[in-house]
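A closer look at the structure
Each chain, written out:
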Amino acid sequence: HYPLRRQRQMCIRDRLNVNDDQLVVEEKGIYSVEKFIVARRLMYWQVYLHKTSLVAEQLLLRLLKRAKELTQEGVVLPASNALSYFLNNSVAEEGFSLDVLNRFATLDDYDIISAMKSWSYSEDFVLSELSKMILNRDLLKIKMLKRPISEEKMKDKLNAVMKKHNLSLNEASYFVFEGSISNLAYRMDKDTINLIKKNGKVVDVAKASDQLNIKALSKTVIKHYLCYPKRH
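Cut-off values and rules
Residues numbered from 1 in each chain as written. Predicted model: local features only at pLDDT ≥ 70, side-chain atom pairs only at ≥ 80, totals over all residues. Heavy atoms only, no water. Helix = DSSP H or I, 4+ residues; strand = E, 2+ residues; numbered from the N terminus. Contact = heavy atoms within 4.5 Å. Areas by Shrake-Rupley, 256 points an atom, 1.4 Å probe, with all protein chains shown as cover. Core = buried A, V, L, I, M, F, W, Y, C linked by side-chain atoms within 4.5 Å. Buried < 20%, exposed > 50% of the residue type's maximum accessible area, 1.4 Å probe, protein only. Phe/Tyr/Trp six-rings, centres within 6.5 Å; stacked < 30°, edge-to-face > 60°. pLDDT = per-residue confidence, 0-100. Patch = residues over 30% accessible without salt bridge, like charges linked within 9 Å, V, L, I, M, F, W, Y side chains within 5 Å. Salt bridge = Lys/Arg side-chain N within 4 Å of Asp/Glu carboxyl O. Axes fitted to C-alpha atoms, helices over the stretch in contact; angles between N-to-C directions. Parallel < 35°, antiparallel > 145°, perpendicular 65-115°, else oblique. Left-handed = near helix turned anticlockwise from the far one by under 90°. Nonpolar A, V, L, I, M, F, W, Y, C, P; charged D, E, K, R; others polar. Arc of directions from axis to C-beta. Polar contact = N/O pair within 3.5 Å; in protein donor to acceptor, adjacent residues only side chain to side chain.

What about the overall build of the protein?
Within the protein one finds eleven helices and seven strands. Considering only contacts in the protein between residues 6 or more positions apart, those separated by 24 or more positions represent 68%. Entry remark: accessible area of the protein is about 15200 Å², with carbon and sulfur atoms responsible for 51%.

Structure below.
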């Protein structure tokens, strides 16, 4: 797929021009732009927002959240110096100094993976299970829905996990949670792609395109998801 994507990028680049200090695409490049927007939409759903990637990301976020929560309670967790700094300190946006930035820059995958291997033997059930799920690629089940998850369904899933593992509501919420994702391939209200026609008129690609799906792709699509253990 890479050569085809590279070819589309080159086609668009070759059709770029400047009109009144504004970057525009020549009219004959409209089909390359259309393909680019459609490809962007597909890439988001099939790669960036793929449900497996989504649940893995959410688990990693909750793993670090639990580690920080335990650290703040006085539990000493094995971690690299860089990771320990952020577990032991609360860094706000206004306090993100050059020193903090340098510490953050030293963090990489090895810090997280090494920590997870140690945390998988933790006495804390939540930290241990989350670490094992990610390391063993045995992720939570995820369901994608068109509508928000009902409160009743959430309670049922939470109660099942609480009962099976004797967990508090807070602990169970690390394994049962909901959220939403959105996909907007093209915005007609901001950062538009403008075409310059042969008569010199500049128009939005969505208005110039003879494909109705370009306008459709300018609408935000929202999907809701529910994550919970595969086995209750």
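A closer look at the nonpolar core
Of all hydrophobic cores here, the largest spans 36 residues; its most connected members are Trp119 and Phe175. Among the secondary structure elements, those contributing two or more residues to this core are helix H3 (51–72), helix H4 (81–88), helix H6 (109–119), helix H7 (125–135), helix H8 (151–165), strand S4 (177–183) and strand S7 (221–228). Among residues more than four places away in sequence, those in contact with Trp119 are Leu63, Leu64, Ala67, Leu77, Pro78, Ala79, Leu83, Leu87, Leu127, Ser128 and Ser131. Judged by nonpolar contacts, the second largest core, of five residues, contains Val25, Val33, Ile37 and Val203.

Things to note about the packing of aromatic side chains
Considering all chains together, one arrives at three aromatic pairs under this definition. Relative to Phe104, the ring of Phe86 has its centre 6.0 Å away and its plane inclined at 85 degrees; by these criteria the two rings are edge-to-face. Pair noted here: Phe86 is in helix H4 and Phe104 is in helix H5 (residues 98–105), with a separation of 18 residues, a long-range link. Phe86 gets classed as buried once you look at its relative accessible area, which sits at 16%. Judged by relative accessible area, Phe104 falls into the partly exposed class, the value being 47%. Judged by centre distance (5.9 Å) and plane angle (55 degrees), the rings of Phe125 and Phe175 are tilted. Taken together, the residues span a long stretch of sequence, with Phe125 in helix H7 and Phe175 in the loop between helix H9 (169–172) and S4 at a distance of 50 residues.

With respect to the confidence of the model for the protein
Considering every residue of the protein, the mean pLDDT works out to 82; 75% of them sit at 70 or more. At the level of individual helices and strands, the protein shows its lowest average pLDDT in helix H1 (residues 2–14), which scores 50, and its highest in H7, which scores 97. Below a pLDDT of 50 lies the segment residues 1–10, which in the model reaches three contacts outside its immediate sequence neighbourhood of four places, other chains included.

Here's the deal with the environment of Lys51
If you trace the backbone, Lys51 turns up in helix H3. Along the primary structure Lys51 and Lys141 are separated by 90 residues, whereas in three dimensions their C-alpha atoms are 9.4 Å apart. In this structure, Lys51 is in contact with Ile142 and Met144, ignoring residues within four places of it in sequence.

Remarks on a nonpolar patch on the surface
Together, Val91, Phe96, Leu98, Leu101 and Phe104 line one region of the surface with nonpolar side chains, adding up to about 470 Å² of accessible area. Assignment of secondary structure puts Leu98 in helix H5.

Structural notes on the packing of H4 against H5
Closest axis-to-axis distance for the H4/H5 pair is 8 Å, and the angle between their directions is 130 degrees. Taken together, the axes of H4 and H5 lie oblique to each other. The way H4 lies across H5 gives a crossing that is left-handed. Residues Ala82, Tyr85 and Phe86 of H4 lie in contact with H5, whose contacting residues are Asp99, Val100, Arg103 and Phe104. Broken down by class, the residue content of the contact of H4 with H5 amounts to five nonpolar, no polar and two charged.

Some thoughts on H4
In terms of burial, H4 is a largely internal element, six of the eight residues being buried. Every buried residue belonging to H4 is among Ala82, Leu83, Ser84, Tyr85, Phe86 and Leu87, and all of these are buried. Looking at the buried residues of H4, the elements they touch are H3, H5 and H6.

Considering H6
A turn of α-helix holds 3.6 residues, and therefore any two residues three or four places apart point the same way. Along H6, the residues that are buried comprise Asp111, Ile112, Ala115, Met116 and Trp119. Here the buried residues of H6 occupy an arc of 125 degrees about the axis, which is enough to place them on one side. What points out from H6, more than 90 degrees from its buried face, is the exposed set Asp109, Tyr110 and Lys117. Buried positions along H6 lie against H3, H4 and H7. Where H6 begins, the side chain of Asp108 points an oxygen toward the backbone nitrogen of Tyr110, at a separation of 3.0 Å.

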